Amino acid sequence: MVVASAPGKVILFGEHGVVYKGGKAIAAAINQRSYASVERRGDGHVLIQSDLGISREPVDKAVGLANEFDSAVEASRKTGDYAPLRSLYESEPMRLGPAKMIAGRVARDEKVYDGFTIHINTRVPSGCHRGTSSSVGAAEAGGLLACLDRFDVRRVDELAYAADRMIVGSPSGIDSTVVTYGGVVTFTKGEEPKQMNIPSLHANGGLHLAVADTGVRVDTGKMVALVRRTLNERPEKGRLIGEMNRIVEEGVDVLKSYDLSRAGLLMNHNQWILRSLGVSIPRIEDACSIALRAGAYGAKLTGAGGGGSVIALAEHPERIVETWRTHGFDADVVACGAENGVRVENGLRRSMF
Ligand code: MEV
C-alpha cells in the first residue's frame, strides 16, 4: 500500500484575475493536507472511499468516464462552453466523479486493469476555498502513480488540474500547481509557474496567517462565471484585472523583502478590487473589518469568494483568531508557504520543480 499526501492552499493575491490570459496570482501551500492510500486489487474494480461516500465499479467504467471527460474537454475547447464538464461531475453519484476519472485515466494510460482500492481523507476544510479538491486530487494521483512506480509531479499536476476542470469548468490551474509543487508559487495564466524562494518565510516556519471560515459555501465555478459575466456586461471593470496584476507584481517584491505591513496594505487593496468585482459578501466584509480593528496589517477573502475563507496578516495572528471567535467565526492560524507539495509518505519522496 502506498500513502501520498498533498497540501491545501491559500491565494495571497490575484484570484479571479488569474483566470484570464496574462492574469497573475500568488498562492501558497498550507499546513493542512489531504491523504490517499492506494493498493492494487486484482479483481478489476476501482473502490473509492472518502468523506463523500463509497463506490465500487469495474475499471472499465472509470476508464469510460475518463474517456468521456477527455472528449468533453476537447469539445469545450472548441465551443468555449464548459457546462458539459460540470454536467459529468453532477451526474456522478456522491460527487466522486473527479476521483473516478483520475483512477480511470491512470488505469488507461498505464494499461493497468486489475483495479485499485483508494482511501481518501482530508484535513483541508471543504468548501472553504482552500484548495480541497486539488489537494485531494493531487494526493490520489500521487498515490496511484507511486503505487505503479510512475510517480511524476508533472503528471500529478495534470491529473489534479483535470479533476478541478470537472468541478469548475475553466479553472486557471493555480490551485493544482501550488498543491503539487508546494511553497509559494507565482502563476501567470499561459506561462510556466515559478516557485518563490523567501528565506525569512522559511526561517519562521511559514507565513502565519489568521484564517476565518465565513460558513457560507459557494461553488468556485459559479463565482468564476459571475465575474466573467460582470466583465462582459461592464467592460469598464476590465481595468480592475490590470490593477490586480500590478498588486501581484508588487506582492512578489513585498514578500521577498518580507515587509508584512506593506503586504497587508496590498491585501486590503486586493480586497477592494474583489469587492468591486462582486465576489465579496457582508460576512466577508465583517471578518475583514474585525481583523483590521483587532490590529491586522491587512485582510481579504481568499480564493473564489462569495463565502469561504478570509485571511488576515498580523504581527500576532492568534489575537485575530481569538477576536474572530468571539464574533462567532470558526478561525485558526495556518502556516503557509513552507509546506511541501505532493509527496509519498511511505517509500520514495520526490517533489518540487
Ligand atoms: C482559485 O482558488 C480561485 C480562482 O482564481 C479560480 C481559479 O484560479 O481557477 C477564483
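Within each chain, residue numbers correspond to sequence positions counted from 1 in written order. Owing to the predicted nature of the model, reporting of local features is limited to residues with pLDDT of at least 70; listing and counting of side-chain atom pairs is limited to 80 or more, with chain, interface and lining totals taken over all residues.

Engineer: Describe the domain arrangement of the protein, with residues and values.
Structural biologist: Entries for the protein in the domain assignment read domain 1 (2-196) and domain 2 (199-336). As used throughout, domain bounds are those supplied by an automatic or database domain assignment. Averaged C-alpha coordinates put domain 1 and domain 2 at centres separated by 25 Å. Listed as interface residues are 32 residues of domain 1 and, on the opposing side, 31 residues of domain 2. Runs of E in the DSSP output that reach at least two residues are strands. Runs of H or I that reach at least four are helices, and both are numbered from the N terminus. Take the side of domain 1 that touches domain 2: its biggest share by element is eight residues, from strand β2 (residues 24-40). Lys, Arg, Asp and Glu make up the charged group, whereas Ala, Val, Leu, Ile, Met, Phe, Trp, Tyr, Cys and Pro make up the nonpolar group; the residues left over, Gly among them, are polar. Within the side of domain 1 that touches domain 2, the residues separate by chemical class into 17 nonpolar, eleven polar and four charged. Contact definition: two residues whose C-beta atoms, as placed from backbone geometry, lie within 7 Å.

Engineer: Tell me about the packing of helix α5 (residues 153-168) against helix α6 (residues 174-181), and name the residues and values.
Structural biologist: Note on geometry: axes are C-alpha line fits, over the in-contact stretch for helices, and angles between N-to-C directions span 0 to 180 degrees. Here α5 crosses α6 at 145°, and the two axes come no closer than 8 Å. As for the relative orientation of α5 and α6, their crossing is right-handed in sense. Where α5 approaches α6, its residues Val 153, Val 156, Asp 157, Ala 160, Tyr 161 and Asp 164 are matched on the opposing element by Asp 175, Ser 176, Thr 177, Val 179, Thr 180 and Tyr 181. When grouped by side-chain class, the residues that make up the contact of α5 with α6 number six nonpolar, three polar and three charged. For a crossing to be left-handed, the near helix must be turned anticlockwise from the far one by less than a right angle; the clockwise case is right-handed.

Engineer: Account for unusual backbone geometry, naming residues and giving values.
Structural biologist: Of note in this structure, Asp 149 is not a glycine but carries a positive phi near 60°. Of note, Asp 149 is situated in the loop between α4 (132-147) and α5. Accessibility expressed as a C-beta count within 10 Å gives 10 for Asp 149, which makes it exposed. Although it is not a glycine, Tyr 258 adopts a positive phi angle of roughly 55°. The residue Tyr 258 is located in the loop between α9 (238-256) and α10 (260-276) in this model. Exposed residues have 12 or fewer other C-beta atoms within 10 Å of their own C-beta, buried residues have 20 or more, and residues in between are partly exposed; the C-beta atoms are placed from the backbone.

Engineer: Any details on the site of the ligand? Residues and values, ideally.
Structural biologist: Contact assignment follows one rule, namely that a residue is near a molecule or strand if its backbone-placed C-beta atom lies within 6 Å of it. Close to the ligand lie 15 residues; Glu 15, Pro 171, Ser 172, Gly 303 and Ala 304 are nearest. For the shell around the ligand, a count of residues per class yields eight nonpolar, five polar and two charged. Both domain 1 (2-196) and domain 2 (199-336) contribute no fewer than three residues apiece to the shell around the ligand.

Engineer: Can you tell me about helix α8 (residues 220-233), naming the residues and giving the values?
Structural biologist: Expected helix span is taken as 1.5 Å per residue step, with the number of steps being one fewer than the number of residues. Taking 1.5 Å per residue as the helical rise, α8 with its 14 residues ought to reach 20 Å, and the 20 Å between its terminal C-alpha atoms agrees with that figure. Taken together, the buried positions of α8 are occupied by Thr 220, Gly 221, Met 223, Val 224 and Val 227. Taken together, the buried residues of α8 touch α2 (83-91) and α5.

Engineer: Outline the pairing of strand β9 (residues 298-302), listing residues and values.
Structural biologist: Counting buried positions over the five residues of β9 gives five, a clear majority of the element. Direction of pairing for β9 relative to strand β10 (residues 309-313): antiparallel, over a ladder of five bridges. Residue pairing for β10: Thr 302 is matched across the bridge by Ser 309. Remark: six residues form the turn of the hairpin made by β9 and β10, two consecutive strands paired antiparallel; Gly 303 in that turn has positive phi of roughly 90°. If DSSP finds at least two bridges between two strands, the strands pair.

Engineer: Can you explain the nonpolar core? Please cite residues and give values.
Structural biologist: Only buried Ala, Val, Leu, Ile, Met, Phe, Trp, Tyr and Cys residues enter a nonpolar core, and they are joined through C-beta atoms within 7 Å. Grouped together as the largest cluster of nonpolar side chains are 114 residues, with contacts concentrated most on Ala 27, Ala 103, Ala 210 and Ala 312. In terms of residue count, the dominant contributor to this core is α5 (ten residues). The residue makeup of this core includes at least three contributed by each of domain 1 (2-196) and domain 2 (199-336). Leave out the neighbours within four places in its chain, and Ala 312 touches Leu 209, Ala 210, Ala 291, Ala 296, Ala 299, Pro 317 and Ile 320.

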